[in-house]
Amino acid sequence: MDGPPGGSTPVTPVIKAGWLDKNPPQGSYIYQKRWVKLDTDHLRYFDSNKDAYSKRFISVACISHVAAIGDQKFEVITNNRTFAFRAESDVERKEWMQALQQAMAEQRARARLSSAYLLGVPGSEQPDRAGSLELRGFKNKLYVAVVGDKVQLYKNLEEYHLGIGITFIDMSVGNVKEVDRRSFDLTTPYRIFSFSADSELEKEQWLEAMQGAIAEALSTSEVAERIWAAAPNRFCADCGAPQPDWASINLCVVICKRCAGEHRGLGAGVSKVRSLKMDRKVWTETLIELFLQLGNGTGNRFWAANVPPSEALQPSSSPSTRRCHLEAKYREGKYRRYHPLFGNQEELDKALCAAVTTTDLAETQALLGCGAGINCFSGDPEAPTPLALAEQAGQTLQMEFLRNNRTTEVPRLDSMKPLEKHYSVVLPTVSHSGFLYKTASAGKLLQDRRAREEFSRRWCVLGDGVLSYFENERAVTPNGEIRASEIVCLAVPPPDTHGFEHTFEVYTEGERLYLFGLESAEQAHEWVKCIAKAFVPPLAEDLLARDFERLGRLPYKAGLSLQRAQEGWFSLSGSELRAVFPDGPCEEPLQLRKLQELSIQGDSENQVLVLVERRRTLYIQGERRLDFMGWLGAIQKAAASMGDTLSEQQLGDSDIPVIVYRCVDYITQCGLTSEGIYRKCGQTSKTQRLLESLRQDARSVHLKEGEQHVDDVSSALKRFLRDLPDGLFTRAQRLTWLEASEIEDEEEKVSRYRELLVRLPPVNRATVKALISHLYCVQCFSDTNQMNVHNLAIVFGPTLFQTDGQDYKAGRVVEDLINHYVVVFSVDEEELRKQREEITAIVKMRVAGTASGTQHAGDFICTVYLEEKKAETEQHVKIPASMTAEELTLEILDRRNVGIREKDYWTCFEVNEREEAERPLHFAEKVLPILHGLGTDSHLVVKKHQAMEAMLLYLASRVGDTKHGMMKFREDRSLLGLGLPSGGFHDRYFILNSSCLRLYKEVRSQRPWSGAPETSHRPEKEWPVKSLKVYLGVKKKLRPPTCWGFTVVHETEKHEKQQWYLCCDTQMELREWFATFLFVQHDGLVWPSEPSRVSRAVPEVRLGSVSLIPLRGSENEMRRSVAAFTADPLSLLRNV
Ligand SMILES: [Zn+2]
């Protein structure tokens, strides 16, 4: 090998090389023979021509003067250091001096082009990283700088500033790897440099910087050279730094590395940053051509038309100056040249549609930068968008430019106030790197275990909002990338789900699922944390404070205003679902195991997950299928019982496990009089099947008489209690209970039980109370079921204490608890009385049912009040599925022996206490579905409908079945049913006809004929009348402007509820509206026509023999009939 090593592929061509004598260091007189090399940037000397790394290098930019001195010697003079060399001949000395002077002149010419010249900075390139490092073999720490594709070594900081160093390492042949916590090796084919940093963190940063230098060294400048062919592209569009090798592909400008960093900070909605050297795949011929046509020249004529000199950038500007300038330039458009059409959207759009069909790219750039709509409608259905127009016109460069700007935000000056910026949230910059094991991405959920062999080791880098994975740590082009902004969900499967112990899943907007694996829990956790930070906006960062199994964003609807889905951020940990809604109040986490309902609605195309917790309902929409399915599975799993202990079960409102509640409720309804209840065993297979389904999802199990035998249910309950790992009384406290049973003094014993009860965990305590209360009921029927307290104690003692039954202590505890039920559990009189009445009602009905043979499966017992809600007016009624409101009303009146007079209009009302509103049920309405939909703050009351007569008269007298007029309107915007409704009441014009209720904002003029004012042609809102439920009354908290209001609830097919409040000026108005609602909703049949009730009624004829309202027959007949008895029905109505 002839040439010096490493010289085979010189990055910068050597201008001159040869042997020279170098003057000795201080204190010596002997000249040393050195191999000296000059290239355009450096003068270096080496011990020999075989060496790859110099002893010294002097930056050409720092040489101020070269002078000849005696004896074939010459001096190279820098700011404060002089190096003397001796050539072998005068000719040679002359050659060296000429070469040096020429290199200096060229260096200055280049520097003058870039403004770096003015600053006197050695070399125009700023280091990517610089600082002190220990290098093995050197006594003192060296000052090391990573600049571009080189690692430079200096004796100290001072020499770094002087531009005089030891050597530099071309990273095209370098590789770095960590050795231990603080040390790492830079290996080259010629030498290994062993560095030590001050800390682990610093080591990481050095490794990262040096890896960057390798990437840069291995990159090709082919694309850059082509793009630099256009002169303005040779300097950064923003700061003027030379040889910019980055670009913003939507702004179409070439920029330097430092500006590129700040461009990234603006977010991809403003600037899409790519490297000219590394992102090779991006640079298609079309894009390169676009940069040659537009590029920095045209770009700056638009974007930088008005930059005040004081705000201009320099290559050396600080990062914060750069950031301010770039924000102003591209996000706010502060310096742009305003297009003459600025502000006129329609004209801008038109101009854009015209421009894209021509070669005038600068016009397109200016129009887009001034607000023309990239997706505006061209007016041509064949080519509806600018992009389609450009395609039609064969303008490929226009198409490329439009495509790259598809998601670019329009700059807006009003975003100056930092707190009110309108642009999309800038995600925090997080960086992390390391090896991860990765499988091929999938388009569906991972059902099976992925074996270890299916994972490939990849070098992964998270930075600048992108997670990139590479073949190895030296690879330059990533195998693939996931943009943080595209991540919609991050999930952490339990350990050992796949071949790697620790895994995590990343879901993207494009419905792909990426699975990553790692050995170390710690590292996996770190990755999950970093990725989460990279894609969760500051708004939702509270969610990052806890560990999670799943985190992401989902479209949701909540509360009563459900017209528009919004995107919320959710995290799932354990059985808690946390949510952060934009602009919403801070939400309490949803306790999934305490949900009252968890169901999926809608068709397979458009699924909605409905979560109902007490007083709030959340709808999660399955817009994106993949991550929605992931959430669905996870939420269903989290809502199920987690384990076998009591508190891990699905819980009801009062902390009683649903499984216990379901069984106890069923036995209460169907098994109280069953002989040997709880003593008899059910069929083993049936019991097991039942228990299994209860354990899986008790909430969805509905026990029905006829389908389950009471003994199967009672056995399932006993089995469940007996198998509780910790037992109902807990392993720790079980003995103290048993001991308490031996206390002789009865009073002392009871107070001991009370004491012990308090010590139980809340769920156990609630369950003990519910169970003993139930057993108390059971023994009340011991005459029929033969299960007195003692018998129950024999069965339940060993079950609850999990003993073999040899010892009666366990039984005695149960016996004591039942006997002293009232004292031990502090049951008050009222509670006890209610309980007894309920039982009596149940039994009475069962006896009656058995006798008449009308017992049906699925009947429901409920409480209905007469006239008002009071303990004395309570009635327990069994509601068969077929029962109508009229039948229920008659049943209650019958039971209470209330006689019905002709115009009493007894009606069943659904009363909602929270909304302070009530709804008279239509006589033909089925009661059971209403009962099922009744909230805890609603109840049923049978009372007289005071307004019915007035309404019937109104209906009979009016013309047509429509109504219109002004009402005061208010919308309920409360979130999740918790938040405060906003807004007040406003006047609106309403039209109600047989199909719709329409709301208009304005009334324009009075139409002379119909008397109906002409409304603006399009209603503001419109609802199908059959899906409305109209309640009389508006809650006072909303401060209704009059006391004649009603609350309208609209339920969509997807069971989403919306709610509004309407107020009338007079009571008569209210009744008229209400009557019309009833009329159109029930096809004219507002009150039963058959004298079914009159037959039982005490006849009282006030108005002669004319039946007041003959509701059968045509409208005309009705009208005639009313006219017959009074000429002016309205005069009569006003007194009602
Ligand atoms: Zn720049």
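This one's a predicted model, so the numbers in the text were calculated from it and none came from an experiment.

Engineer: Would you take a moment to explain the coordination of the zinc ion for this structure?
Structural biologist: Metal coordination angles in their ideal form are 109.5 degrees for the four-donor tetrahedron and 90 or 180 degrees for the six-donor octahedron. Every protein donor of the zinc ion is listed here as Cys-236 (SG), Cys-239 (SG), Cys-256 (SG) and Cys-259 (SG), and their distances to the metal cover 2.2 to 2.3 Å. One way to put it: the four donor atoms around the zinc ion meet at angles of 103 to 116°, and that makes the site tetrahedral. Mapping the donors of the zinc ion onto the primary sequence yields the spacing C-x2-C-x16-C-x2-C. A relative accessible area of 5% means that Cys-239 is categorised as buried.

Engineer: It is not clear to me how the packing of aromatic side chains should be interpreted in this structure. Could you clarify?
Structural biologist: Centre-to-centre distance and the angle between the planes together describe a pair of aromatic rings. Tallying each qualifying case throughout the model produces 34 aromatic pairs. Here Tyr-143 and Tyr-160 contribute two aromatic rings whose centre-to-centre distance is 5.0 Å and whose plane-to-plane angle is 45°, an arrangement assigned as tilted. Separated by 17 residues along the polypeptide, Tyr-143 in strand S9 (residues 142-147) and Tyr-160 in helix H2 (residues 157-162) bring together distant segments of the chain. For the pair shown, Tyr-143 and Tyr-160 are each scored as buried.

Engineer: Looking at this structure, how should I read helix H19 (residues 746-759)?
Structural biologist: Count 3.6 residues to each turn of an α-helix, and residues three or four apart come out pointing the same way. Its 14 residues give H19 an end-to-end C-alpha distance of 20 Å, which sits within 8% of 20 Å, the value for a rise of 1.5 Å per residue. Against the buried residues of H19 lie helix H18 (734-740), helix H20 (762-780), helix H23 (809-819) and helix H24 (821-824). The backbone nitrogen of Glu-747 has a side-chain oxygen 3.3 Å away, supplied by the residue at the start of H19, namely Asp-745.

Engineer: Is there a simple way to think about the nonpolar core in this case?
Structural biologist: Across soluble globular proteins, you tend to see nonpolar side chains buried next to one another. Among the nonpolar cores identified, the biggest contains 66 residues, and Tyr-678, Phe-729, Trp-737, Val-768, Phe-796, Leu-800 and Leu-817 are the most heavily contacted of them. With nine residues, H20 is the single largest residue contributor to this core. Apart from residues lying up to four places away in sequence, Phe-796 is in contact with Tyr-678, Lys-718, Leu-721, Leu-771, Leu-775 and Val-814. Within the second largest apolar cluster, 35 residues are counted, among which are Cys-252, Ala-351, Leu-368 and Cys-376.

Engineer: I'm lost on the confidence of the model for the protein in this one. Help?
Structural biologist: As a note on interpretation, predicted positions should not be read in detail where pLDDT is low. On average, residues of the protein score 81 in pLDDT, and 85% of them reach the 70 mark or higher. For the protein, helix H31 (residues 1129-1133) is the element with the lowest average pLDDT, namely 36, and strand S17 (residues 253-255) is the one with the highest, namely 96. Contacts of residues 974-981 to residues separated by more than four positions or lying in other chains number 29 contacts, the stretch itself having pLDDT below 50.

Engineer: Sorry if this is basic, but what is going on with empty space enclosed by the protein here?
Structural biologist: A probe as big as a water molecule, rolled over the atoms, marks out the empty space that is left. Counted according to the given criterion, the structure contains three cavities of 30 Å³ or more. Put simply, the largest cavity is a space of about 70 Å³. Forming the walls of the largest cavity are Thr-907, Pro-920, Leu-921, His-922, Phe-923, His-945, Met-948, Leu-1078, Val-1086 and Trp-1087. The residue makeup of the lining of the largest cavity, split by class, is seven nonpolar, three polar and no charged.

What counts, and where the lines are drawn
Residues numbered from 1 in each chain as written. Predicted model: local features only at pLDDT ≥ 70, side-chain atom pairs only at ≥ 80, totals over all residues. Heavy atoms only, no water. Donors = N, O, S within 2.8 Å, 3.2 Å for Na, K, Ca; no water. Tetrahedral: all angles 85-135°; square planar, octahedral: opposite > 155°, others 65-115°. Buried < 20%, exposed > 50% of the residue type's maximum accessible area, 1.4 Å probe, protein only. Phe/Tyr/Trp six-rings, centres within 6.5 Å; stacked < 30°, edge-to-face > 60°. Helix = DSSP H or I, 4+ residues; strand = E, 2+ residues; numbered from the N terminus. Expected span 1.5 Å × (residues − 1). Contact = heavy atoms within 4.5 Å. Polar contact = N/O pair within 3.5 Å; in protein donor to acceptor, adjacent residues only side chain to side chain. Core = buried A, V, L, I, M, F, W, Y, C linked by side-chain atoms within 4.5 Å. pLDDT = per-residue confidence, 0-100. 1 Å grid on protein atoms, 1.4 Å probe; cavity = no way out; pocket = protein on both sides within 12 Å on 5 of 7 lines; lining within 4 Å. Points joined across faces, edges and corners; volume = space filled by probe spheres on them. Nonpolar A, V, L, I, M, F, W, Y, C, P; charged D, E, K, R; others polar.

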